Amino acid sequence: MVMNGAARSRVRLGLIFLLFIISAIAFLDRTNISVAGVEMRKEYAIDQVQLGWVFSAFLIGYALFQVPAGWLAARYGPRIVLTGALLWWGVFTAATALIHPEGSAALLLLALTRFALGIGESVVYPCGNQFLSRWIPAQERGKANGWIFAGVGAGSGITPPLITAIILWGGWRASFYVCAVLGLAAAAIWFWLARDRPQEHPSVNAAELAHIEAGLPPAKRASSGPIPWGAIFSSRNVWGLFVSYFAFGYVIWIFFSWFFIYLAEARHLDVKSSAVFSMLPFLCMTFGCLLGGVINDRVSARHGLYWGRSGLGILSFVLTGLFLAGGSMVDNAPLAVLILAGGAGAIYLSQSSFWSVTADIAGPHSGVVSGFMNMGCQIGGALTSTLTPMIAAQFGWTAAFIAGSAVVLAGVLAWAVVDPNRLLEQPAGEGALGPIGGATA
């Protein structure tokens, strides 16, 4: 019981904001190559398909290590694991710029370096979800995830103008060195400020701790014993999330990998115009992520978790398909960018739903489950990084975006079978989650 009406501390909110910053740095580090790629293609004498292999190498490394990353986060805690990951990817971001273009294996070394970078960045969101399952009450998870993943849009949004400015100042290699320094600085700050559990943080007072513990759902109270692999791989929820996040990844990596190049080569915009226009989808992602988090929590409170999480996911994907198909057919470049950016914002309405559901259903195993789900996203991203330029070369860029619309329809069907009230391991004596996923008395 909280004595003397003490005001709650707000440590959890500060750490969520720090995860927002780390999320932004992660996407700055992974999407800088989409801008630098214009110059890199010339220097390394490679074509778009070969550059796509380099993009895919990052995503393959990222995808393969999602589940191990979730296990590490659960085993050793998000503080030390995320710190190590930030140090790792800072090193390999810098290493990208050190590969000599005249070497006989330059393309292979680029791919291997990006693969290693993907391994390091694979840790970010499983760690974030493990942190969230321990620190954030269920009724706040939509907004918390909205903030964490708003970093995706923010980091990607500042990438085109920032990386373009650095390249104009010091060349494309300088952009990788700057990004590496940001990652190393973030590692030091996270290690200094974060703790694995609210009980361990010296600045969390009794009022905040009571608030957090009162809002943890039944899944969090389950035993954190051996990972229930059988329950995970036989769960309709888990596979629904995997397939829908595959579709999500396919669409978003069109923007992360190819949108800047699409504007320059298909819409014939100059480098500076491409940098400005290519910001818009990522600004829409940021807004969509924050708005989706608010809608998620409010609808869940009024109508239950299914409509707040899964219902929002379905609506988000339907809107995305319409925007992608419509925008790709518009002749006017600024209008096309506006409509396609609407598709990027629409799909990010669902982002908080994905990660809230994994925390809802998996509790102490949320790091592993969210890692498996995120593997689906990265497989989708790796596919589109290679397939999109092939479709564009053979059938045109309109066909490439319409292919994305078709994939996102599979995500609609997958979301429909996901029920956040169906726990991965139902604790004895507990019922389904309540209207906002709160704990029973």
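Residues numbered from 1 in each chain as written. Predicted model: local features only at pLDDT ≥ 70, side-chain atom pairs only at ≥ 80, totals over all residues. Heavy atoms only, no water.

K.L.:
Explain the overall build of the protein chain here, please?
P.N.:
Secondary structure assignment for the protein chain yields 19 helices and zero strands. Dimensions of the protein chain along its principal axes, counting C-alpha atoms only, are 65 × 40 × 40 Å. The burial tally for the protein chain puts 60% of its 441 residues in the buried class. In the protein chain, the share of contacts with a sequence separation of at least 24, taken over all contacts with a separation of at least 6, comes to 86%. Summed over all atoms, the accessible surface of the protein chain reaches about 16,200 Å², with 70% contributed by carbon and sulfur. Distance between charge centres in the protein chain, computed from 24 positive and 19 negative side chains, equals 7 Å. (Helix = DSSP H or I, 4+ residues; strand = E, 2+ residues; numbered from the N terminus. Buried < 20%, exposed > 50% of the residue type's maximum accessible area, 1.4 Å probe, protein only. Contact = heavy atoms within 4.5 Å. Areas by Shrake-Rupley, 256 points an atom, 1.4 Å probe, with all protein chains shown as cover. Lys, Arg positive; Asp, Glu negative; His and termini not counted. Charge placed at Lys NZ, Arg CZ, Asp CG, Glu CD.)

K.L.:
What should I look at first to understand helix 16 (residues 333-347) in this one?
P.N.:
Helical geometry note: an α-helix holds 3.6 residues per turn, so side chains three or four residues apart project in the same direction. Here helix 16 contains 15 residues, and its C-alpha end-to-end distance of 21 Å stays within 8% of the 21 Å for a straight helix at 1.5 Å per residue. The backbone nitrogen of Leu335 has a side-chain oxygen 2.9 Å away, supplied by the residue at the start of helix 16, namely Asn332. (Expected span 1.5 Å × (residues − 1). Polar contact = N/O pair within 3.5 Å; in protein donor to acceptor, adjacent residues only side chain to side chain.)

K.L.:
Is there a simple way to think about the packing of aromatic side chains in this case?
P.N.:
What characterises a pair of aromatic rings is the spacing of the ring centres plus the angle enclosed by the ring planes. Counting across every chain of the model gives 38 aromatic pairs. Taking the centre distance of 5.2 Å and the plane angle of 65 degrees together, the rings of Phe55 and Trp258 count as edge-to-face. One end of the pair, Phe55, is in helix 2 (residues 48-64); the other, Trp258, is in helix 12 (residues 236-265), with 203 residues separating them in the sequence. Here Phe55 and Trp258 have matching classes, each one buried. Taken together, a centroid distance of 5.3 Å and an interplanar angle of 85 degrees make the contact between Phe233 and Phe372 edge-to-face. Of this pair, Phe233 sits in helix 11 (residues 229-233) while Phe372 is found in helix 18 (residues 366-395), placing the two residues 139 residues apart along the sequence. We classify Phe233 as partly exposed; its relative accessible area is 40%. Here Arg30 stacks its cationic end above the ring of Phe27, 3.9 Å away from the centre of that ring. Directly above the aromatic system of Phe191 lies the positively charged group of Arg79, at a separation of 4.1 Å from the ring centroid. (Phe/Tyr/Trp six-rings, centres within 6.5 Å; stacked < 30°, edge-to-face > 60°. Lys NZ or Arg CZ within 6 Å of the ring centre and 35° of its normal.)

K.L.:
For this particular structure, what's the right way to read the packing of helix 12 against helix 18?
P.N.:
Two elements in contact, helix 12 and helix 18, have axes separated by 6 Å at closest approach and are oriented at 40 degrees. The orientation of helix 12 with respect to helix 18, classified from their angle, is oblique. For the element pair helix 12 and helix 18, the recorded crossing hand is right-handed. Partitioned by chemical class, the residues of the contact of helix 12 with helix 18 number 22 nonpolar, 10 polar and no charged. (Axes fitted to C-alpha atoms, helices over the stretch in contact; angles between N-to-C directions. Parallel < 35°, antiparallel > 145°, perpendicular 65-115°, else oblique. Left-handed = near helix turned anticlockwise from the far one by under 90°. Nonpolar A, V, L, I, M, F, W, Y, C, P; charged D, E, K, R; others polar.)

K.L.:
Would you mind showing me how to read unusual backbone geometry here?
P.N.:
Note: most peptide bonds trans; most residues except glycine with negative phi. Backbone geometry at Ala45 places phi at a positive 55 degrees, although glycine is not the residue there. Within the element layout of this structure, Ala45 appears in the loop between helix 1 (11-44) and helix 2.

K.L.:
I tried to follow the pattern of salt bridges on my own but got confused; where do I start?
P.N.:
Where charged atoms from two side chains of opposite charge come close, those side chains can pair. Following the criterion strictly, the structure yields 10 salt bridges and no others. Glu140 is the partner of Arg12 in a salt bridge, and the nearest nitrogen-oxygen pair spans 3.0 Å. Of the two residues, Arg12 sits in helix 1 while Glu140 sits in the loop between helix 6 (124-135) and helix 7 (141-170), which places them 128 residues apart along the sequence. Pair check on accessibility: Arg12 and Glu140 agree, each one buried. Each of Arg141, Lys143, Asp297, Arg309 and Asp360 takes part in salt bridges that share partners, so that together they form one network. (Salt bridge = Lys/Arg side-chain N within 4 Å of Asp/Glu carboxyl O.)

K.L.:
Would you mind showing me how to read helix 2 here?
P.N.:
Look at helix 2: 24 Å from first C-alpha to last across 17 residues, which is about the 24 Å you get at 1.5 Å a residue. Burial in helix 2 covers these residues: Gln48, Leu51, Gly52, Val54, Phe55, Ser56, Ala57, Phe58, Leu59, Gly61, Tyr62 and Ala63. Against helix 1, helix 3 (66-76), helix 5 (106-121), helix 6, helix 12 and helix 18 lie the buried residues of helix 2.

K.L.:
Hey, could you run me through the side chain of Asp196 in this one?
P.N.:
Of note, Asp196 is situated in the loop between helix 8 (172-193) and helix 9 (206-214). There is a polar contact of 2.8 Å between the side chain of Asp196 and the backbone nitrogen of Arg79. With near-sequence residues (within four places) excluded, Asp196 lies in contact with Tyr76, Gly77, Pro78, Arg79, Arg134 and Trp135.

K.L.:
Explain a nonpolar patch on the surface here, please?
P.N.:
There is a patch of nonpolar side chains on the surface, built from Trp71, Leu72, Tyr76, Ile80 and Phe191 and spanning about 460 Å² of accessible area. Sort the elements by how many residues they give to the nonpolar patch and helix 3 lands first, with three residues. Structurally, the position occupied by Ile80 is in helix 4 (residues 78-96). (Patch = residues over 30% accessible without salt bridge, like charges linked within 9 Å, V, L, I, M, F, W, Y side chains within 5 Å.)

K.L.:
What should I look at first to understand the environment of Ser352 in this one?
P.N.:
Within the secondary structure, Ser352 sits in helix 17 (residues 351-362). Sequence spacing of Ser352 and Gly240 is 112 residues, and the spatial spacing of their C-alpha atoms is 16 Å. Once residues lying within four places of it in the same chain are set aside, the contact partners of Ser352 are Gly142, Asn145, Gly146, Gly292, Gly293 and Asn296. A polar contact of 3.2 Å, which involves the side chain of Ser352, links it to the side chain of Asn296.

K.L.:
Would you take a moment to explain the packing of helix 6 against helix 7 for this structure?
P.N.:
Packed helices, taken two at a time, are described by the angle their axes make and the gap between the axes. At a minimum axis separation of 11 Å, helix 6 and helix 7 run at an interaxial angle of 160 degrees. As judged from the angle between their axes, helix 6 and helix 7 are roughly antiparallel. Viewed along their axes, helix 6 and helix 7 form a crossing whose handedness is right-handed. Every residue of helix 7 that contacts helix 6 at Tyr125, Asn129, Leu132 and Ser133 is listed here: Arg141, Ala144, Asn145, Ile148, Phe149 and Val152. Here the residues of the contact of helix 6 with helix 7 sort into six nonpolar, three polar and one charged.

K.L.:
Explain the environment of Ile347 here, please?
P.N.:
When you line up the elements, Ile347 lands in helix 16. With relative accessibility at 0%, the residue Ile347 sits in the buried group. Taking C-alpha positions, Ile347 is 8.2 Å from Ile252, a pair spaced 95 residues apart along the chain.

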